[in-house]
Amino acid sequence: MKKIKLTLLAIVAGVGISLYSCESNTYEEVAGVVENPTYNANVKGIMEDKCVSCHTTDSQEPYLTNYTEVKDACENYNLLCRIQGSDCGDVMPTSGKMPAARIKIIENWIAQGYVEN
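Rules used in this analysis
- Residues numbered from 1 in each chain as written.
- Predicted model: local features only at pLDDT ≥ 70, side-chain atom pairs only at ≥ 80, totals over all residues.
- Heavy atoms only, no water.
- Helix = DSSP H or I, 4+ residues; strand = E, 2+ residues; numbered from the N terminus.
- Contact = heavy atoms within 4.5 Å.
- Areas by Shrake-Rupley, 256 points an atom, 1.4 Å probe, with all protein chains shown as cover.
- Polar contact = N/O pair within 3.5 Å; in protein donor to acceptor, adjacent residues only side chain to side chain.
- pLDDT = per-residue confidence, 0-100.
- Disulfide = S-S within 2.5 Å.
- Buried < 20%, exposed > 50% of the residue type's maximum accessible area, 1.4 Å probe, protein only.
- Phe/Tyr/Trp six-rings, centres within 6.5 Å; stacked < 30°, edge-to-face > 60°.

Glancing now at the overall build of the protein chain. Check the secondary structure of the protein chain and you find 6 helices and 0 strands. Along the protein chain, from the amino end to the carboxyl end, the secondary structure elements read α-α-α-α-α-α. Taking the intrachain contacts of the protein chain between residues at least 6 apart in sequence as the baseline, contacts between residues at least 24 apart amount to 57%. Element-wise, carbon and sulfur atoms account for 53% of the exposed surface of the protein chain, whose accessible area totals about 7,800 Å².

Here is the structure:
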């Protein structure tokens with residue numbers, strides 16, 4: 001009987017430790033960073049997912065609904081600084097900082113000259 005209790009206790013402890021050590025990752029965090037992103041393949045989806053609910057032509061500037069607007073926001077509205085959460089205002093999006101992999105995709109896109117396709 002004592003052996004069964006010890007075995008059961010070991011199983012419960014093992015399951016508890018396993019559950020405690022697991023962490024939740026999003027697809028972007030697991031998939032990693034895109035080294036050579038383009039607007040259409042990589043950046044557009046991020047903007048649609050995280051930005052256009054507030055930044056459309058029906059709402060507030062900068063508008064982020066197409067390539068030209070997003071490029072302009074990077075060059076003239078400190079878009080990268082805002083999504084990085086640096087010292088240029090409140091972090092965007094307002095729901096919270098984007099995963100590091102998404103931010104890195106936008107950084108790479110800017111660094112490589114705003115490739116569209």
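More follows now that the structure is in view.
Turning our eyes to something else, we now look at the side chain of Asn-42. Along the chain, the position of Asn-42 falls in helix H3 (residues 39-50). For Asn-42, the side chain forms a polar contact with the main-chain nitrogen of Thr-38, separated by 3.0 Å. The residues contacting Asn-42, other than those within four sequence positions of it, are Val-34, Pro-37 and Ile-105.

In the predicted model, the protein chain carries a mean pLDDT of 83, and 74% of its residues have values of at least 70. Predicted confidence is poor over residues 15-25, with pLDDT under 50, and the contacts of this stretch with residues over four places away or in other chains come to 2 contacts.

Using the criterion set out here, one finds 1 disulfide in the structure. Sulfur-sulfur distance for the disulfide between Cys-81 and Cys-88 comes to 2.1 Å. Linking Cys-81 and Cys-88, the disulfide has an S-S dihedral of approximately -125 degrees and is accordingly described as left-handed. Summary of cysteine pairing: Cys-51 is not part of a disulfide, and the nearest cysteine sulfur, belonging to Cys-54, is at 8.7 Å. Left without a disulfide partner, Cys-74 is nearest to the cysteine sulfur of Cys-51, which lies 9.7 Å away. Cys-74 sits in the buried class, given a relative accessible area of 14%.

With that settled, the discussion passes to the packing of aromatic side chains. Across all of its chains, the model carries 4 aromatic pairs by this definition. Note on Tyr-39 and Tyr-67: the rings are 5.6 Å apart at their centroids and 75 degrees apart in plane angle, and the pair reads as edge-to-face. Taken as a pair, Tyr-39 in helix H3 and Tyr-67 in helix H4 (residues 67-76) lie far apart in primary sequence, 28 residues in all. For Tyr-39, a relative accessible area of 3% corresponds to the buried category. Its relative accessible area of 16% is what places Tyr-67 among the buried residues. Relative to Trp-109, the ring of Tyr-39 lies with its centre 5.9 Å away and its plane at 40 degrees, an arrangement referred to as tilted.

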